[in-house]
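Chain and residue survey
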Amino acid sequence: MHHFEYKNKELYCESVPVRDIAAKVGTPFYLYSTATLNRHFRAFDEAFTMPHITCFATKACSNIAILNLFAGLGGGADIVSGGELFRALKAEVDPRKIVYSGVGKTVDEMRFGLKSGILMFNVESEQELFTLQKVAEEMNVSAPVSFRVNPDVDPKTHAYISTGLAQNKFGIPIQGALGIYTAAQKMAHIDVIGVSCHIGSQLTQISPFVESLQKVKIFIGRLEEAGIHISYLDIGGGLGIRYDAEDPPLPAAYAEAIKNEMEGLDCILILEPGRVIVGNAGILVTKVLYTKKGGKKFVIVDAGMNDLARPSLYDAYHAIRPVIDTEEGNEVVDVVGPICETGDFLARDQEVPICESGDLLAIMSSGAYGFTMSSNYNSRPRVPEILVDGDTFYVIRKRETNEDLIAGETIP
Ligand SMILES: *Cc1c(COP(=O)(O)O)cnc(C)c1O
């Protein structure tokens, strides 16, 4: 459920015609709906009735206006870099609600996290643990730690976004993880407080989550037997959304399944949802530049793979809707960008509205891993991010300029 709807054959974001925003800010641009963000965050967060913290996965959509909105709803942040920590703090996220994930934290990033007083580091290797102990010792503080275990569960999602299989680089194999917990327990500057896991993204079934949680639960039992008490259980993110014909479980069903598995566990639950909160709360608006017919029909638009990488990277599907519905029907085309790469497409052999030069198109479900994955490839300034709230829109990130492109560059 989102607030991008047609009124009189014209696409609105809440009470603002998308066409009006395009006229004011130009194209392309990302457009988010406050009501949708609120609704999705609350639907997820309120589905969990046990003690928990919803730590929004910053990498899905990291604009500080959006992080601040979630902070206002009581949310925390799951971060994967010092840059994301900086954003979260600027957005007034409570540091005691920040969890730090990722396989390659640097010493500087560890210092920044410790100095900021974050809730915990999700440590992913023995070497990372030793480094963190050393950094904490130098700073004469104690580092709160949870280990990310890899439960070897198949999330049944795209290979690039599957993280919980033994062959993936993430986490510590759960079978051997007792050893690292015992070692960490003896370290003077490490405070072992949690277990975490995150098995993948865009999961459309509950069973892999349950299977993973069952394995983690058994593991927590073994830790307790070894005298290691776990206060936080972080089950990661990964709940999928509907892009096309997927039928992912609703947050309520997901929460219910988790609740059943949590029976008897005395832990505060940490959740790291990203996509499920923001995915359908944002669109990318682009303008048709040209149409042409070769072996196929191509619609050439002003947004490319540098603006939205998901189709090129994951062969992902995004529905494409007209901003003004002319009711001329659909046709099967490739929607491509201006980038000099064959992989530069937003849609391939997809039914899209029949359109002509100058028409505006909405690339739906672009709120997650949309802007955050965008780049300056082909020296294209990154597009603005716009947030609608009711009948008002705010530019929450300006369009970059050509000057921005060369900022920091010098000719020696
Ligand atoms: C990416 C990521 C998430 C969020 O995944 P979604 O599929 O967007 O919910 C959560 N936790 C970790 C550790 C991640 O890397």
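A short note on the packing of aromatic side chains
Considering all chains together, one arrives at 11 aromatic pairs under this definition. For the pair tyrosine 100 and phenylalanine 121, a centre-to-centre distance of 5.8 Å together with 25° between the ring planes defines the contact as stacked. Here phenylalanine 121 lies in strand β8 (residues 120-123) and tyrosine 100 lies in strand β7 (residues 98-100), a separation of 21 residues in the sequence. When sorted by exposure, tyrosine 100 lands in the same class as phenylalanine 121, which is buried. Relative to phenylalanine 219, the ring of tyrosine 181 has its centre 5.5 Å away and its plane inclined at 65°; by these criteria the two rings are edge-to-face. Taken together, the residues span a long stretch of sequence, with tyrosine 181 in helix α7 (residues 177-185) and phenylalanine 219 in helix α8 (residues 207-225) at a distance of 38 residues. Each member of the pair tyrosine 181 and phenylalanine 219 is classed as buried.

Observations concerning empty space enclosed by the protein
A complete count under the given rule lists 1 cavity of 30 Å³ or more for this structure. The volume enclosed by the largest cavity comes to roughly 50 Å³. Lining the largest cavity, in full, are Cys197, Ile199, Phe209, Ser212, Leu213, Ile235 and Ile258. It is α8 that provides the largest number of residues to the lining of the largest cavity, a total of 3 residues.

Quick word on unusual backbone geometry
A cis amide bond links threonine 27 to the next residue, proline 28, at an omega of -10°. Positive phi, close to 65°, is recorded for lysine 9, a residue that is not glycine. Mapped onto the elements of the fold, lysine 9 is located in the loop between β1 (4-7) and β2 (10-13). Positive phi, close to 65°, is recorded for glutamate 92, a residue that is not glycine. The residue glutamate 92 is located in the loop between α4 (82-90) and β7 in this model. Judged by its relative accessible area of 62%, glutamate 92 is exposed.

Quick notes on the packing of α8 against helix α9 (residues 251-262)
Closest axis-to-axis distance for the α8/α9 pair is 10 Å, and the angle between their directions is 20°. Between α8 and α9, the angle falls in the class roughly parallel. Handedness of the crossing formed by α8 with α9: right-handed. Across the interface between the two elements, Phe209, Val210, Leu213, Gln214 and Lys217 from α8 touch Tyr254, Ala257, Ile258 and Glu261 from α9. Within the contact of α8 with α9, the residues separate by chemical class into 6 nonpolar, 1 polar and 2 charged.

Examining the side chain of serine 201
Topologically, serine 201 is positioned in the loop between β11 (190-196) and α8. A relative accessible area of 11% means that serine 201 is categorised as buried. The residues contacting serine 201, other than those within four sequence positions of it, are Thr157, Ile161, Gly238 and Arg275.

Here's the deal with the domain arrangement of the chain
One can read the domain layout of the chain as domain 1 (4-32 + 279-405) and domain 2 (102-271). Relative to domain 2, the C-alpha centre of domain 1 lies at a distance of 35 Å. Of the residues lining the interface, 9 residues belong to domain 1; the matching set on domain 2 comes to 7 residues. Between domain 1 and domain 2 lies a buried interface of about 760 Å² when both sides are counted; carbon and sulfur atoms form 57% of it. It is Asn280, Tyr314 and Tyr317 that lose the most area in domain 1 upon contact with domain 2, and together they represent 55% of the buried surface on that side. Where domain 1 touches domain 2, the interface holds 0 salt bridges. Taken together, the connections running from domain 1 to domain 2 amount to 2 residue pairs in polar contact (both at pLDDT 80 or more). Each residue belonging to the side of domain 1 that touches domain 2 can be placed in one class, and the counts come to 4 nonpolar, 4 polar and 1 charged.

Topic: the environment of histidine 198
Residue placement: histidine 198 occurs in the loop between β11 and α8. When the C-alpha atoms of histidine 198 and methionine 187 are compared, they prove to be 25 Å apart, with 11 residues separating the residues in sequence. Contacts of histidine 198, omitting those with residues within four sequence positions, involve Arg148, Thr163, Gly164, Gly236, Gly237, Gly238 and Glu272. At a separation of 3.0 Å, a polar atom in the side chain of histidine 198 contacts the main-chain amide nitrogen of glycine 237.

What counts and how
- Residues numbered from 1 in each chain as written.
- Predicted model: local features only at pLDDT ≥ 70, side-chain atom pairs only at ≥ 80, totals over all residues.
- Heavy atoms only, no water.
- Phe/Tyr/Trp six-rings, centres within 6.5 Å; stacked < 30°, edge-to-face > 60°.
- Helix = DSSP H or I, 4+ residues; strand = E, 2+ residues; numbered from the N terminus.
- Buried < 20%, exposed > 50% of the residue type's maximum accessible area, 1.4 Å probe, protein only.
- 1 Å grid on protein atoms, 1.4 Å probe; cavity = no way out; pocket = protein on both sides within 12 Å on 5 of 7 lines; lining within 4 Å.
- Points joined across faces, edges and corners; volume = space filled by probe spheres on them.
- Axes fitted to C-alpha atoms, helices over the stretch in contact; angles between N-to-C directions.
- Parallel < 35°, antiparallel > 145°, perpendicular 65-115°, else oblique.
- Left-handed = near helix turned anticlockwise from the far one by under 90°.
- Contact = heavy atoms within 4.5 Å.
- Nonpolar A, V, L, I, M, F, W, Y, C, P; charged D, E, K, R; others polar.
- Domains from an automatic or database assignment.
- Buried area = accessible area lost by both parts, 1.4 Å probe.
- Salt bridge = Lys/Arg side-chain N within 4 Å of Asp/Glu carboxyl O.
- Polar contact = N/O pair within 3.5 Å; in protein donor to acceptor, adjacent residues only side chain to side chain.

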